[in-house]
Amino acid sequence: GQNIDQPTEMTATEGAIVQINCTYQTSGFNGLFWYQQHAGEAPTFLSYNVLDGLEEKGRFSSFLSRSKGYSYLLLKELQMKDSASYLCAVNDYKLSFGAGTTVTVRA
Amino acid sequence: DTAVSQTPKYLVTQMGNDKSIKCEQNLGHDTMYWYKQDSKKFLKIMFSYNNKELIINETVPNRFSPKSPDKAHLNLHINSLELGDSAVYFCASRATSGGANEQYFGPGTRLTVT
């Protein structure tokens, strides 16, 4: 079966950095995705890791350690528009999602 | 310009009715999906089709029947609707060759069963 854990909520101040952790135990592994979902909207792709290490895309970075079953999404220079839910998803033969972390950015 | 589109966006209906949700993608992808997102925001896969063939069917009641007339379309028909079917249903698609193969999601259909 699949077990994907991430914190339920996080709050941070505009301009700050927030790190969202994701731990997983899955029967197979073919990559880990991070998606952003604003309230009432569809999930949109943020990042993908299949090998260990850090992937950087502008203000967002994602890290993967396959041996530890661990990933994190780092959001830098937080903006109000970053307030959203962030979904960790592990790919084996299907994409299994965590419950999502709601990030609230305060002025 | 819309990559993955769904209709309708909102659907309010009574228990026992039959309804359909349509999905179309213009990305040239060969794999399409249906997901259900419940009130706790948990996104769970229901079905997946690859080149019009069913490849994933996750313990979904047989009241739910997907149909893929071609690679660009995946519709979802639901019979005898129940209160517990109330949720947001997302269609998604992806290419299965090259790159990250991320999934692209449609805008969602909010189904309310009364």
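Residues numbered from 1 in each chain as written. Chains lettered and ligands numbered in written order. Predicted model: local features only at pLDDT ≥ 70, side-chain atom pairs only at ≥ 80, totals over all residues. Heavy atoms only, no water.

**A closer look at the overall build of chain B**
Logical step 1: Assigned secondary structure in chain B consists of zero helices and 11 strands.
Logical step 2: Helices and strands appear in chain B in the N-to-C order β-β-β-β-β-β-β-β-β-β-β.
Logical step 3: The C-alpha atoms of chain B give 14 Å as radius of gyration, which agrees with the globular expectation for 114 residues (13 Å, within 12%).
Logical step 4: Over its C-alpha atoms, taken along the principal directions, chain B stretches across nearly 45 × 25 × 25 Å.
Logical step 5: Every one of the 114 residues in chain B was classed for burial, and the buried ones make up 44%.
Logical step 6: Considering only residue pairs separated by 6 or more positions, chain B has 54% of its internal contacts joining residues 24 or more positions apart.
Logical step 7: Just so you have it, chain B exposes about 5800 Å², and 48% of that area is on carbon and sulfur atoms. (Helix = DSSP H or I, 4+ residues; strand = E, 2+ residues; numbered from the N terminus. Rg over C-alpha atoms; globule rule 2.2 N^0.38 Å. Buried < 20%, exposed > 50% of the residue type's maximum accessible area, 1.4 Å probe, protein only. Contact = heavy atoms within 4.5 Å. Areas by Shrake-Rupley, 256 points an atom, 1.4 Å probe, with all protein chains shown as cover.)

**What about the side chain of Glu102(B)?**
Logical step 1: Among the structural elements, Glu102(B) can be located in the loop between strand E9 (87-94) and strand E10 (104-105).
Logical step 2: Look at Glu102(B): it is buried, it has no salt bridge, and the nearest opposite charge is Lys57(A) at 6.6 Å.
Logical step 3: Polar side-chain contacts of Glu102(B) include one of 3.1 Å to the side chain of Tyr104(B).
Logical step 4: Among residues more than four places away in sequence, those in contact with Glu102(B) are Phe33(A), Tyr35(A), Phe45(A), Ser93(B) and Arg94(B). (Lys, Arg positive; Asp, Glu negative; His and termini not counted. Salt bridge = Lys/Arg side-chain N within 4 Å of Asp/Glu carboxyl O. Polar contact = N/O pair within 3.5 Å; in protein donor to acceptor, adjacent residues only side chain to side chain.)

**Things to note about the sheet that holds strand E3 (residues 18-25) of chain A**
All names here are of chain A.
Logical step 1: Spatially, five strands are ordered E1-E3-E8-E7-E6 in an open sheet, and the strand pairing comes out antiparallel. Strands at the two margins of the open sheet, each flanked by one partner only, are strand E1 (3-5) and strand E6 (53-57). The average undirected angle you get between the axes of adjacent strands in this sheet is 15°.
Logical step 2: Inspection of the sheet shows E1 paired to E3 by three bridges, in the antiparallel sense. Residue pairing for E3: asparagine 3 is matched across the bridge by glutamine 25. (Pairing = 2+ DSSP bridges. Axes fitted to C-alpha atoms, helices over the stretch in contact; angles between N-to-C directions.)

**Some remarks on the sheet that holds strand E7 (residues 64-70) of chain B**
All names here are of chain B.
Logical step 1: Spatially, E1-E3-E8-E7 is the arrangement adopted by the four strands of the open sheet, whose pairing is antiparallel. Sheet topology places strand E1 (4-7) and E7 at the edges, where each strand pairs with a single neighbour. Taken over all neighbouring pairs, the strand axes of this sheet differ in orientation by 20° on average, direction set aside.
Logical step 2: By the bridge criterion, five bridges tie E7 to strand E8 (residues 73-78) in an arrangement that is antiparallel. Residue phenylalanine 64 lies in a different strand from E8, and its bridge partner there is isoleucine 78.

**Quick notes on the state of the cysteines**
As used in these notes, a disulfide is a covalent bond between sulfur atoms, one from each of two cysteines.
Residue and element names in this part refer to chain A.
Logical step 1: Overall, the coordinates contain two disulfides over all chains when judged by the stated rule.
Logical step 2: Across the disulfide, cysteine 22 is cross-linked to cysteine 88 (sulfur-sulfur distance 2.0 Å). Looking down the S-S bond of the cysteine 22 and cysteine 88 bridge, the torsion is -70°, so its handedness is left-handed. Taken as a pair, cysteine 22 in strand E3 and cysteine 88 in strand E9 (residues 84-91) lie far apart in primary sequence, 66 residues in all. (Disulfide = S-S within 2.5 Å.)

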